[in-house]
Amino acid sequence: MLRRFLTFAAAVMLCVCLCACDNVKVTYKQEPFTAHVAFQSAGTEIKGELTYNSPEDISLEIKEPDNIAGLEFHSVAKSMNVRVGEVSFSPDTDKDSPVGMLFALLKTISENDIRISLSGEDEIILQHEGKEMRVKIDCEEKKIISIETENYRYKFE
């Protein structure tokens, strides 16, 4: 009788432990990646290829629209360079631009302690310069799906 009770108790404990797996959260650490990103600026849909190596080394090459295709933005440390062909310059207002904002948001994500589920999608709310930002993450792939702020929405593909 005692053996049956212990077997039953062990089975119940196993079921309880396995059911708790849905609530398990793991740390999300931003690893280097390359992705296609799309966003709107001044009513124009802009698409480009984003390369994230670290919070201090991010670049974006514009692919669409055709009139600005080939424009490259590169953030190193705390400055941004813009290159068109052989010409390169550092803009003064990079924080106000949608590209400067994207780079700053990615840096904010990398600096925060983010916990995500093991599967599905999670939406994380973070603070960036006192304003709310929403980050949607594919938990299985550990990839950013989108970043949304008051002024911009960035979609990663």
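Residues numbered from 1 in each chain as written. Predicted model: local features only at pLDDT ≥ 70, side-chain atom pairs only at ≥ 80, totals over all residues. Heavy atoms only, no water.

> Could you give an account of the nonpolar core, naming the residues involved and the relevant values?
The tendency in soluble globular proteins is for nonpolar side chains to be buried side by side. If you look at the biggest cluster of nonpolar residues, it comprises 35 residues, and the most contacted ones within it are Leu50, Leu106, Ile109, Ile147, Tyr154 and Phe156. The element contributing the most residues to this core is helix α2 (residues 98-111), with 7 residues. Once you skip the residues sitting within four places of it in the chain, Leu50 turns out to touch Phe33, Thr34, Ala35, Val37, Ile58, Ser59, Leu60, Leu102, Phe103, Leu106 and Phe156. (Core = buried A, V, L, I, M, F, W, Y, C linked by side-chain atoms within 4.5 Å. Buried < 20%, exposed > 50% of the residue type's maximum accessible area, 1.4 Å probe, protein only. Helix = DSSP H or I, 4+ residues; strand = E, 2+ residues; numbered from the N terminus. Contact = heavy atoms within 4.5 Å.)

> Summarise α2; cite the residues concerned and give the values.
The end-to-end C-alpha distance of α2 is 20 Å, a good match for the 20 Å that 14 residues give at a rise of 1.5 Å each. Within α2, 10 of the 14 residues are buried, which leaves it mostly tucked inside the rest of the structure. Three or more residues of α2 are buried, namely Pro98, Val99, Gly100, Met101, Leu102, Phe103, Leu105, Leu106, Thr108 and Ile109. (Expected span 1.5 Å × (residues − 1).)

> Break down the pairing of strand β4 (residues 57-64) for me, citing the residues and quoting the values.
In this structure, strand β3 (residues 44-54) lies alongside β4, joined through 7 bridges in antiparallel fashion. Opposite Thr51, over in β4, you have Ser59 as the bridge partner. Here β3 folds back onto β4, and the loop between the two strands holds 2 residues. Where β4 lies against strand β5 (residues 72-76), 5 bridges are found, and the strand directions are antiparallel. If you follow Ser59 over to β5, its bridge partner there is His74. (Pairing = 2+ DSSP bridges.)

Remember that the coordinates give geometry; whether it matters functionally is a separate question.
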